[in-house]
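Descriptive structure summary
Below are the chains, spelled out letter by letter.
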Amino acid sequence: MSDTKHSPAGTGRTGGRGPGRPPKIDRAAIARVASEIPLSDLTLRLVAERLGVSVPSLYHYVQGRDDLLKLAAEQSVTRLTLPVDRGQHWAVWLCEWAHYIRQAFVRDPGLFTQYVKGAISLEVMAEPVNTALGLCLRQGFSPTEARRAYDLVSECALGAAITRLSERNRPFEPEVRRVLALGDRSLPHLERLAAGPGLIEQAPFTEQIHTVLAGIAVRRGEDWTELSALLESVAAED
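Residues numbered from 1 in each chain as written. Predicted model: local features only at pLDDT ≥ 70, side-chain atom pairs only at ≥ 80, totals over all residues. Heavy atoms only, no water.

Our focus in this paragraph is the pattern of salt bridges. If you walk through the whole model with that rule in mind, you get 10 salt bridges. A salt bridge links arginine 170 to glutamate 175, with the shortest nitrogen-to-oxygen separation between them at 2.9 Å. Within the structure, one salt-bridge network assembled from shared partners comprises Glu145, Arg220 and Glu222. (Salt bridge = Lys/Arg side-chain N within 4 Å of Asp/Glu carboxyl O.)

So this is what it looks like as structure tokens:
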């Protein structure tokens, strides 16, 4: 009588696969598992453990940790909920987009690092770019103007994400006070700022992005007062 009948399916660590039979993995499965791990903690060994395979087996699908990070970052981006085209005013969608990408990168610094490295391809980002262009074109922008508006808003949001992440490690106010305490150079304007009430409080991101959008609107001859009221409906986390 065969020994196999005494080994019920599903009792092994690999969940019912025959003895010695490797689990089915592919690049999509690796991406799915990798995207569930914070990028700062991501390793080939950890992904292999969660998939129930050996590290060498992963090398049939990924070239190394850098490739794994790129794969995880792109998978994470595709799982985020993008602002949708509801026929809203171009500035409302761009405001939603700015808050969206700033929050996404602040919440996952590893994702931001991969973006800076160019690991997130246009193929992954094509949907929001296309949506922004479509909204702007329908509302009188030329293709060049639409692209520039999208870029300007995106760069503002990315810059704000950098500042927020930097503040976690080196808050600006203590740094200013430390530099002033050295007393080895004259910094009268910085001293005046430090002496004032509510010192060095950075402007909320909402104020920053509204300023950018106001500039675009004014250049287009639009009434910023009316547009400002529309933007009040955009949910934000500063």
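Further notes follow.
Let us now look at the packing of helix α5 (residues 90-107) against helix α11 (residues 205-219). Running from N to C, α5 and α11 point in directions that differ by 145°, and their axes come no closer than 10 Å. In terms of crossing hand, the pair formed by α5 and α11 is right-handed. In contact with Trp90, Ala91, Leu94, Cys95, Ala98, His99 and Arg102 of α5, α11 contributes Phe205, Thr206, Ile209, His210, Leu213, Ile216 and Ala217. Of the residues contributing to the contact of α5 with α11, the split by class is 10 nonpolar, 3 polar and 1 charged. (Axes fitted to C-alpha atoms, helices over the stretch in contact; angles between N-to-C directions. Helix = DSSP H or I, 4+ residues; strand = E, 2+ residues; numbered from the N terminus. Left-handed = near helix turned anticlockwise from the far one by under 90°. Contact = heavy atoms within 4.5 Å. Nonpolar A, V, L, I, M, F, W, Y, C, P; charged D, E, K, R; others polar.)

This model, assessed by the stated rule, comprises 6 aromatic pairs. With 5.8 Å between their ring centres and 10° between their planes, tryptophan 93 and tryptophan 97 make a pair best called stacked. Within this pair, tryptophan 93 and its partner tryptophan 97 are both found in helix α5, separated by 4 residues, close to a single helical turn. Plain terms: the ring middles of phenylalanine 105 and tyrosine 115 are 5.3 Å apart, the flat faces sit at 50° to each other, and that makes the pair tilted. Here the residue phenylalanine 105 occupies a position in helix α5, and tyrosine 115 occupies one in helix α6 (residues 109-116), the gap between them amounting to 10 residues. The buried category is assigned to phenylalanine 105, whose relative accessible area is 8%. (Phe/Tyr/Trp six-rings, centres within 6.5 Å; stacked < 30°, edge-to-face > 60°. Buried < 20%, exposed > 50% of the residue type's maximum accessible area, 1.4 Å probe, protein only.)

Take the layout of surface pockets next. Considering only enclosed or pocket space, the largest pocket measures out at about 390 Å³ in volume. What lines the largest pocket is a set of 21 residues, among which Trp97, Tyr115, Met125, Val129 and Tyr150 lie closest to the centre. Secondary structure elements with two or more residues in the lining of the largest pocket: α5, α6, α7 (122-138) and α8 (143-169). Ranked by the residues each element gives to the lining of the largest pocket, the list is headed by α8, at 6 residues. Among the residues forming the lining of the largest pocket, the class breakdown is 16 nonpolar, 2 polar and 3 charged. Here the second largest pocket is characterised by a volume of approximately 290 Å³. Contributing to the lining of the second largest pocket are Phe141, Glu145, Arg148, Ala149, Leu152, Val212, Gly215, Ile216, Arg219 and Arg220. Contributions of two or more residues to the lining of the second largest pocket are made by α8 and α11. A per-class count over the lining of the second largest pocket returns 5 nonpolar, 1 polar and 4 charged. (1 Å grid on protein atoms, 1.4 Å probe; cavity = no way out; pocket = protein on both sides within 12 Å on 5 of 7 lines; lining within 4 Å. Points joined across faces, edges and corners; volume = space filled by probe spheres on them.)

Any functional reading would require information that these geometric values do not contain.
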